[in-house]
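Residue strings, one per chain:
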Amino acid sequence: MKKQARTYESLAESIEGMIEAGDLKGGDRLPPERKLAETYHVSRNTVREAIRILAEKKILVSRIGSGTYVAESALAILTSSLDRAFENKKNRLKDIFEIRKILEPQIAALAAERIRPEVLASLSDIVNLQEKAFKNGQDTRLLDERFHRTLVEATGNRVLCHVYEKLSDILAESRAGELQDSRRQESSSKIHREILDALTGRNVTLAARKMKKHMTDVEKTLDLLEKHRVNITKDNT
């Protein structure tokens with residue numbers, strides 16, 4: 001049952017994608033159920049279910065004896081839905097960074113106080129690899145994640161490590177590919193080096209301050225990316 005649900009939802013998303021891309025426009029008639037079933041290698045029941053949920057969303061209109069058509073307002077409805085989805089994601093990211101701004105500076109402070117030489121060496125290797133990857137134009141997200149995870153382990157607090165591990169999937173959302181650009185990766189690379197220097201000097205206050213700046217800088221970068229997205233959307237309307 002779950003597989004079937006995923007199938008018709010996937011088909012519905014494919015039809016929405018065609019509308020967003022302009023391949024289907026308001027007033028266009030959809031191919032017959034049989035043709036859609038053959039094209040997408042699904043059952044006709046799956047096609048009917050996909051059409052039903054799109055009709056409920058006012059994206060498609062079924063006319064008895066005539067067929068199924070794209071609603072004139074379909075693109076506007078989809079655009080509005082995308083805007084709401086993006087706004088929800090943006091608000092969620094704000095919540096995530098609120099958590100990170102609470103946790104990460106304290107983690108850095110504890111690490112500066114307790115870090116062992118071998119863990120410090122590991123962090124140094126990670127920072128070196130991150131700087132090299134950035135210069136070579138490579139994705140640095142995994143190294144960024146490794147840096148912060150190693151920092152948590154450096155605190156020696158097993159409960160904190162457990163909490164961070166439980167939050168890892170949520171925190172990973174703040175490193176999603178669409179939230180990355182060269183400015184963010186360069187900024188992260190530089191500030192990680194500064195945090196490493198503070199850890200090396202066992203400077204608790206400086207480590208916390210640098211980490212707080214890191215979180216604030218990333219948030220600012222995300223705001224710039226959001227403004228850029230809005231401007232592109234305006235230019236395309």
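These numbers were taken from a predicted model, which means no experiment stands behind them.

### Digging into the side chain of Asp144
The topology assignment puts Asp144 in helix H6 (residues 141-154). Side-chain polar atoms of Asp144 contact the side chain of His192, separated by 3.4 Å.

### With respect to the pattern of salt bridges
Tallying each qualifying case throughout the model produces 15 salt bridges. One salt bridge connects Arg34 with Glu38, and the closest N-O pair in it is separated by 3.6 Å. Placement of both Arg34 and Glu38 in helix H2 (residues 33-40) is noted, with a separation of four residues, approximately one turn of the helix. Residue Glu38 is classed as partly exposed on the basis of its relative accessible area of 46%. Across the pair Arg52 and Glu49 runs a salt bridge whose closest N-O atoms are separated by 2.4 Å. Placement of both Arg52 and Glu49 in helix H3 (residues 44-56) is noted, with a separation of three residues, approximately one turn of the helix.

### With respect to the packing of H2 against H3
Packing of H2 against H3 leaves a shortest axis separation of 9 Å and a crossing angle of 105 degrees. With respect to H3, the axis of H2 lies roughly perpendicular. Residues Glu33, Arg34, Leu36 and Ala37 of H2 touch H3, and the partners they reach there are Arg44, Val47, Arg48 and Ile51. Here the contact of H2 with H3 is composed, by residue class, of four nonpolar, no polar and four charged.

### Some points on the environment of Ser124
Following the sequence through the fold, Ser124 ends up in helix H5 (residues 117-135). Look at Ser124 and you get partly exposed, because its relative accessible area is 23%. Taking the C-alpha atoms as reference, Ser124 lies 8.2 Å from Arg193; in sequence the two are 69 residues apart.

### With respect to unusual backbone geometry
The phi dihedral of Lys58 is positive, around 65 degrees, even though this residue is not glycine. Note on placement: Lys58 falls in the loop between H3 and strand E1 (60-63). Of note in the backbone geometry, Arg202 takes a positive phi value of approximately 55 degrees without being a glycine. With respect to the helices, strands and loops of the structure, Arg202 is situated in the loop between helix H8 (182-200) and helix H9 (204-235). Overall, the relative accessible area of 39% leaves Arg202 in the partly exposed class.

Calculation rules
Residues numbered from 1 in each chain as written. Predicted model: local features only at pLDDT ≥ 70, side-chain atom pairs only at ≥ 80, totals over all residues. Heavy atoms only, no water. Helix = DSSP H or I, 4+ residues; strand = E, 2+ residues; numbered from the N terminus. Polar contact = N/O pair within 3.5 Å; in protein donor to acceptor, adjacent residues only side chain to side chain. Salt bridge = Lys/Arg side-chain N within 4 Å of Asp/Glu carboxyl O. Buried < 20%, exposed > 50% of the residue type's maximum accessible area, 1.4 Å probe, protein only. Axes fitted to C-alpha atoms, helices over the stretch in contact; angles between N-to-C directions. Parallel < 35°, antiparallel > 145°, perpendicular 65-115°, else oblique. Contact = heavy atoms within 4.5 Å. Nonpolar A, V, L, I, M, F, W, Y, C, P; charged D, E, K, R; others polar.

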